[in-house]
Amino acid sequence: MAGGTGSTDKAGSARSAGSTDSPRSAGNADSTGGAGNVGSARPEAAAGATRPRRRQARGEARIAQLLKAAASVFCTTGYTAASTNAIAREAGVSPGTLYQFFPNKEAIAVELGDQLLNRWRETYGAAFLPDHLTLPLDRMLDAVLDPLIAFNCENPAFTVLMHGSELPGMITQGHDALHMTMLDRVETILGGYLPDTPPAQITRIANMIFILFKGGLALIMAHEGDERDAYARELKTVLFRYLEPLVGTALLSTPPNAP
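Residues numbered from 1 in each chain as written. Predicted model: local features only at pLDDT ≥ 70, side-chain atom pairs only at ≥ 80, totals over all residues. Heavy atoms only, no water.

1. Quick look at the layout of surface pockets
Defined as follows: Put simply, the grid is 1 Å and covers the protein atoms alone, a cavity is a trapped set of points that fit a 1.4 Å probe, a pocket is an open set with protein on both sides within 12 Å along at least five of seven lines, and lining residues have an atom within 4 Å of a point. Grid points are joined across faces, edges and corners, and a volume is the space filled by probe spheres set on the points. Note on conventions: DSSP H or I runs of at least 4 residues are helices, E runs of at least 2 residues are strands, and numbering of each starts at the N terminus. Think of it as three bins: nonpolar holds Ala, Val, Leu, Ile, Met, Phe, Trp, Tyr, Cys and Pro, charged holds Asp, Glu, Lys and Arg, and polar takes everything else, Gly as well.
Space inside the second largest pocket adds up to approximately 180 Å³. Those elements that provide at least two residues to the lining of the second largest pocket are α4 (50-77), α7 (105-127) and α9 (156-163). The residue makeup of the lining of the second largest pocket, split by class, is seven nonpolar, two polar and three charged.

2. Digging into the side chain of Lys-236
Which entries qualify depends on this criterion: With a 1.4 Å probe rolled over the protein chains alone, any residue whose accessible area is under 20% of its type maximum counts as buried; one over 50% counts as exposed, and the rest are partly exposed.
Considering the arrangement of structural elements, one finds Lys-236 in helix α12 (residues 225-253). Judged by its relative accessible area of 16%, Lys-236 is buried.

3. Quick notes on the packing of helix α8 (residues 137-154) against helix α11 (residues 199-221)
Which entries qualify depends on this criterion: Helix axes are fitted to C-alpha atoms over the stretch in contact, other axes to C-alpha atoms as well, and angles between N-to-C directions run from 0 to 180 degrees. Each angle gets one of four labels, with under 35 degrees taken as roughly parallel, over 145 as roughly antiparallel, 65 to 115 as roughly perpendicular, and the rest as oblique. Each crossing gets its handedness from the near helix: less than a right angle anticlockwise from the far helix is left-handed, clockwise is right-handed. Here a residue-residue contact requires only that any non-hydrogen atoms of the pair lie within 4.5 Å.
Following both chains from N to C, one finds α8 and α11 inclined at 50°, their axes separated by 10 Å at the closest point. The angle between the axes of α8 and α11 places the two elements in the oblique class. Considering only the axes of α8 and α11, their crossing is right-handed. In this structure, α8 uses Leu-145, Leu-148, Ile-149, Asn-152 and Cys-153 to contact α11, whose residues at the interface are Phe-213, Leu-217, Ile-220 and Met-221.

4. Things to note about the pattern of salt bridges
Here is the rule: Salt bridges are defined as contacts in which a side-chain nitrogen from Lys or Arg sits within 4 Å of a carboxyl oxygen from Asp or Glu.
A complete count under the given rule lists three salt bridges for this structure. The salt bridge partner of Lys-236 is Asp-146, with a shortest N-O separation of 2.6 Å. Pair noted here: Lys-236 is in helix α12 and Asp-146 is in helix α8, with a separation of 90 residues, a long-range link. Residue Glu-224 is joined to Arg-228 by a salt bridge in which the shortest nitrogen-to-oxygen separation is 3.6 Å. With relative accessibility at 59%, the residue Glu-224 sits in the exposed group. On the accessibility criterion, Arg-228 (17% relative accessible area) is buried. In the salt-bridge network here, residues are joined through shared partners; they are Asp-142, Asp-146 and Lys-236.

5. Things to note about the packing of aromatic side chains
For clarity, the cut-off: Stacked, tilted and edge-to-face pairs are distinguished by plane angle, under 30 degrees for stacked and over 60 for edge-to-face with tilted covering the rest, among Phe, Tyr and Trp rings (Trp via its six-membered ring) whose centres lie within 6.5 Å.
Scanning the entire structure with this criterion turns up five aromatic pairs. Between the aromatic rings of Phe-74 and Tyr-79, the centroid separation amounts to 5.5 Å while the plane-to-plane angle is 55°, which identifies the pairing as tilted. Its relative accessible area of 7% is what places Tyr-79 among the buried residues. For the pair Phe-151 and Phe-158, a centre-to-centre distance of 5.2 Å together with 85° between the ring planes defines the contact as edge-to-face. Both residues of the pair, Phe-151 and Phe-158, belong to the buried class. Three or more aromatic residues link up through ring pairs in this structure, and these residues are Trp-120, Phe-151 and Phe-158.

Dropping the structure here:
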């Protein structure tokens, strides 16, 4: 699970390359008539600042539309089989419009992956609130796992982009970095509950938690409705039965020393 810094630069360059602030995109992406030629763009700019802001808002809306379409295509066909033509078709725009904002499929994936990673960071931060760590184990698992499961179910493209074998390196690097951050966080929390446990064992327990969560999440996402909810409960049961003999007594006696 991950967080990338390099992806922001690449995504930013993709956006600036197709930004509606440029004469090309102002005329071709969402404008009407001949407003896109250079000669007509200058009087508009001189007329006031509101029109460029409207063009910027339209450009951001178009980017969001293309990213939503890309997420759908990536989930349907996988990243490797996806194409810019398929993404444009899903978005209801021409390939030419897509290329005003993104030069290729890789740039779309980087931008989408960067947005999803940022939202995953926010979700995991909310899941591991200090107040959650003082709850009884069963309620703690509810508080921590529910937002993580909900995020993945609501954003299936996240799994496609984070675990594909032929994805741009920025995405996988970002995912790996965030995964290590989360693993360190879990190890710190476990160390607070189990101060006398050797660090190597703490690492093994944290890795096992991650593997159990990943496997359970795959089953959850493969089902819908009541079956999905049932598998979510099964995952919590598995983690409870694994963790309760280890940290159950500590949870009842003292809060963890983790920050």
